[in-house]
Amino acid sequence: QVQLVESGGGLVQAGGSLRLSCTAASGSIFSANTMGWYRQAPGKQRELVAFTTSGSTTTYVDSVKGRFTISRDNTKNTLYLLMSSLKPEDTAVYYCNLKQGSGFMSQEFWGQGTQVTVSS
């Protein structure tokens, strides 16, 4: 089992920056195939924001390209999301996700979420 704990959310003005962290309070992120950030705004479905693979490939949804940077530090058991040039439409609860294993051994874990609010 991997317990993920997010932090770093808060209230920021448009154009500002925040850095989210996702730390494995138990277990390890070392064996993760992918780790990613999702977000869910009120009344909307949860959407993928960015993810990184064990080979350090990164992928971003078009709406955050050039503004957000995902990174992973296995030595600190932590995933990060640096968010810059924030917009009001980035307001959402942000969730950390980890996938490991394959086939019937695959597992997926979620954090509890951290609120990001961007004021105009």
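Residue positions are given per chain, counting from 1 as you read along its sequence in written order. Reporting of local features is limited, given that this is a predicted model, to residues whose pLDDT is at least 70; pairs of side-chain atoms are given and counted only at 80 or more, and all residues count toward the totals for whole chains, interfaces and linings. The basis for the side-chain values is all heavy atoms of the structure; hydrogens and waters are excluded.

What follows is about the pattern of salt bridges. When a carboxyl oxygen of Asp or Glu lies within 4 Å of a side-chain nitrogen of Lys or Arg, that pair is called a salt bridge. For the structure on display, the rule yields five salt bridges. One salt bridge in this structure joins Arg67 and Asp90, with 2.8 Å as the shortest N-O distance. Here Asp90 lies in the loop between strand S8 (78-83) and strand S9 (92-100) and Arg67 lies in the loop between strand S6 (58-60) and strand S7 (68-73), a separation of 23 residues in the sequence. Exposed residues in this analysis have more than 50% of their type's maximum accessible area, buried residues have under 20%, and partly exposed residues fall in between, with area computed by a 1.4 Å probe over protein chains only. By relative accessible area, Arg67 is classed as buried at 11%. With a shortest N-O distance of 3.2 Å, Glu108 and Lys99 are connected by a salt bridge. Classification of Glu108 as partly exposed rests on a relative accessible area of 42%. Taking relative accessible area as the criterion, Lys99 reaches 29% and is therefore assigned partly exposed. Here a helix means four or more residues in a row that DSSP labels H or I, a strand means two or more in a row labelled E, and each is numbered from the N terminus.

Bringing the sheet that holds S8 into the picture now. When DSSP finds at least two bridges between two strands, those strands are taken to pair. Strand order in the open sheet formed by four strands is S1-S3-S8-S7, with antiparallel pairing between adjacent strands. The sheet is open, and its two edges are formed by strand S1 (3-7) and S7, each paired on a single side. Adjacent strand axes in the sheet meet at a mean angle of 15 degrees when their direction is disregarded. Direction of pairing for S1 relative to strand S3 (residues 18-26): antiparallel, over a ladder of five bridges. Counted as the bridge partner of Val5 is Thr23 from S3. With axes taken as lines fitted to C-alpha atoms, and helix axes fitted only over the stretch in contact, angles between N-to-C directions fall between 0 and 180 degrees.

Bringing the packing of aromatic side chains into the picture now. Side-chain rings of Phe, Tyr and Trp, where Trp is taken by its six-membered ring, are said to pair if the distance between their centres is within 6.5 Å; with planes under 30 degrees apart they count as stacked, over 60 as edge-to-face, and otherwise as tilted. Under the defined criterion, the tally for this structure stands at one aromatic pair. With a centroid separation of 4.9 Å and 65 degrees between ring planes, the pair formed by Tyr38 and Trp110 is classed as edge-to-face. Taken together, the positions of Tyr38 in strand S4 (residues 32-40) and Trp110 in strand S10 (residues 107-110) put the pair 72 residues apart, joining distant regions of the chain. Relative accessible area serves as the criterion here: at 33%, Trp110 is assigned to the partly exposed category. Criterion for a charge above a ring: Lys NZ or Arg CZ within 6 Å of the ring centre, and within 35 degrees of the ring normal. If you follow Arg46 out to its NZ or CZ, it ends over the ring of Tyr95, 3.7 Å from the centre.

Let us now look at the environment of Gly36. Inspection of the secondary structure puts Gly36 in strand S4. With relative accessibility at 2%, the residue Gly36 sits in the buried group. A sequence separation of 15 residues divides Gly36 from Phe51, and the C-alpha atoms of the two residues are 3.8 Å apart. Here, two residues are considered to be in contact whenever any of their heavy atoms come within 4.5 Å of each other. With residues near it in sequence (within four places) discarded, Gly36 still touches Ala50, Phe51, Ile70, Leu79, Tyr95, Cys96 and Asn97.

Attention shifts here to unusual backbone geometry. In this model, Ser56 sits at a positive phi of 70 degrees, which is unusual for a non-glycine residue. Relative to the helices and strands, Ser56 resides in the loop between strand S5 (47-53) and S6.

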